[in-house]
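# Reading the structure
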Amino acid sequence: EDVDIGPQNVDIPVRGRYTHGRAILSRLRYLVDNYGESSLQFANRETAVTVRELADRLVEQLDMVYYHVIDGVTFDADDAQWQAAKQTFLNPTGWMDGGSSYGVLLNGYGTAVVNIGRRTTDTFEITLRNVEIHDLAVQPYEGFWAVTPTEKSAESAAVVHG
């Protein structure tokens, strides 16, 4: 009865990928402990990096963003790590950057992350009356990438980022 949906939070300082970066740290620790000095090279990159270097870079950038948002710490505008951290993790619009914005989510038992609409246990005879929906906003941040085969062979395909 008398359901008011909105407004959407429009002061979200970081993108969703910041949370993903923090969540993966424990798994990353395993990779560093077991494969830290192993090197890998990404497509279209000139040099290889070690697992440890990659992990250290992620932690440094996540920490920079944390201290910037929480404590107001500023970094040198020419710092390459800060530039990468801002581009990857900071949310310049403040709007939610996911693919959906929910005012009301009805879900059965379990998570409502990927299986929205599939968990229906005990989700019947639901009635909403006198509903006002207002001020919902979302601005998804999408990255484009594709693999383009070359004339030589599929093994020499190039990864294109947009």
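Going by the structure above, here's the rest.
Residues numbered from 1 in each chain as written. Predicted model: local features only at pLDDT ≥ 70, side-chain atom pairs only at ≥ 80, totals over all residues. Heavy atoms only, no water.

### Examining the environment of G94
Mapped onto the elements, G94 comes out in the loop between α4 (80-89) and β4 (131-133). Residues G94 and D11, 83 residues apart in the sequence, show an inter-C-alpha distance of 4.5 Å. The contacts of G94, once residues within four sequence positions are left out, are N9, V10, D11 and I12. (Helix = DSSP H or I, 4+ residues; strand = E, 2+ residues; numbered from the N terminus. Contact = heavy atoms within 4.5 Å.)

### Observations regarding the packing of helix α3 (residues 51-71) against α4
Running from N to C, α3 and α4 cross one another at 75 degrees; their axes reach a closest spacing of 9 Å. Overall, the two elements α3 and α4 adopt an arrangement that is roughly perpendicular. Here α3 contributes R57, L58, E60, Q61, L62, M64, V65 and H68 to the contact with α4, which in turn contributes Q81, W82, A84, A85 and F89. Of the residues assigned to the contact of α3 with α4, the class counts are 8 nonpolar, 3 polar and 2 charged. (Axes fitted to C-alpha atoms, helices over the stretch in contact; angles between N-to-C directions. Parallel < 35°, antiparallel > 145°, perpendicular 65-115°, else oblique. Nonpolar A, V, L, I, M, F, W, Y, C, P; charged D, E, K, R; others polar.)

### Topic: α3
Under the 1.5 Å per step criterion, the end-to-end length of α3 is 29 Å for 21 residues, consistent within 8% with the ideal 30 Å. Backbone geometry just downstream of α3 places G72 in the positive-phi region, at approximately 75 degrees. (Expected span 1.5 Å × (residues − 1).)

### Concerning the pattern of salt bridges
Tallied over the full model, the rule gives 4 salt bridges. Among the salt bridges present, the one from E37 reaches R52, with a minimum N-O distance of 2.6 Å. Residue E37 is located in the loop between α2 (25-35) and β2 (39-40), and its partner R52 is located in helix α3; the two are separated by 15 residues in the primary sequence. When its relative accessible area of 34% is taken as the criterion, R52 is described as partly exposed. (Salt bridge = Lys/Arg side-chain N within 4 Å of Asp/Glu carboxyl O. Buried < 20%, exposed > 50% of the residue type's maximum accessible area, 1.4 Å probe, protein only.)

### Observations concerning the packing of helix α1 (residues 16-23) against α3
As a packed pair, α1 and α3 sit with axes 10 Å apart at the nearest point and diverge in direction by 130 degrees. Between α1 and α3, the crossing angle belongs to the class labelled oblique. The crossing of α1 and α3 is left-handed. Together, Y18, G21 and R22 of α1 and L58, L62, D63, V65 and Y66 of α3 make up the contact between the two elements. Tallied by class, the residues present in the contact of α1 with α3 amount to 5 nonpolar, 1 polar and 2 charged. (Left-handed = near helix turned anticlockwise from the far one by under 90°.)

### Notes on the nonpolar core
Of all hydrophobic cores here, the largest spans 9 residues; its members are V14, Y18, L62, M64, V65, W82, A85, F89 and L90. In this structure, M64 is in contact with F75, D79, Q81 and W82, ignoring residues within four places of it in sequence. (Core = buried A, V, L, I, M, F, W, Y, C linked by side-chain atoms within 4.5 Å.)

### Remarks on the side chain of R15
Among the structural elements, R15 can be located in the loop between β1 (3-5) and α1. Polar contacts involving the side chain of R15 include one to the main-chain carbonyl oxygen of Q87, which spans 2.5 Å. (Polar contact = N/O pair within 3.5 Å; in protein donor to acceptor, adjacent residues only side chain to side chain.)

### Considerations on a nonpolar patch on the surface
A grouping of V104, L106, I126, L128, V131, I133 and L136 is seen on the molecular surface, where their side chains present a nonpolar patch of about 580 Å² in accessible area. Along the polypeptide, V131 turns up in strand β4. When its relative accessible area of 37% is taken as the criterion, V131 is described as partly exposed. (Patch = residues over 30% accessible without salt bridge, like charges linked within 9 Å, V, L, I, M, F, W, Y side chains within 5 Å. Areas by Shrake-Rupley, 256 points an atom, 1.4 Å probe, with all protein chains shown as cover.)

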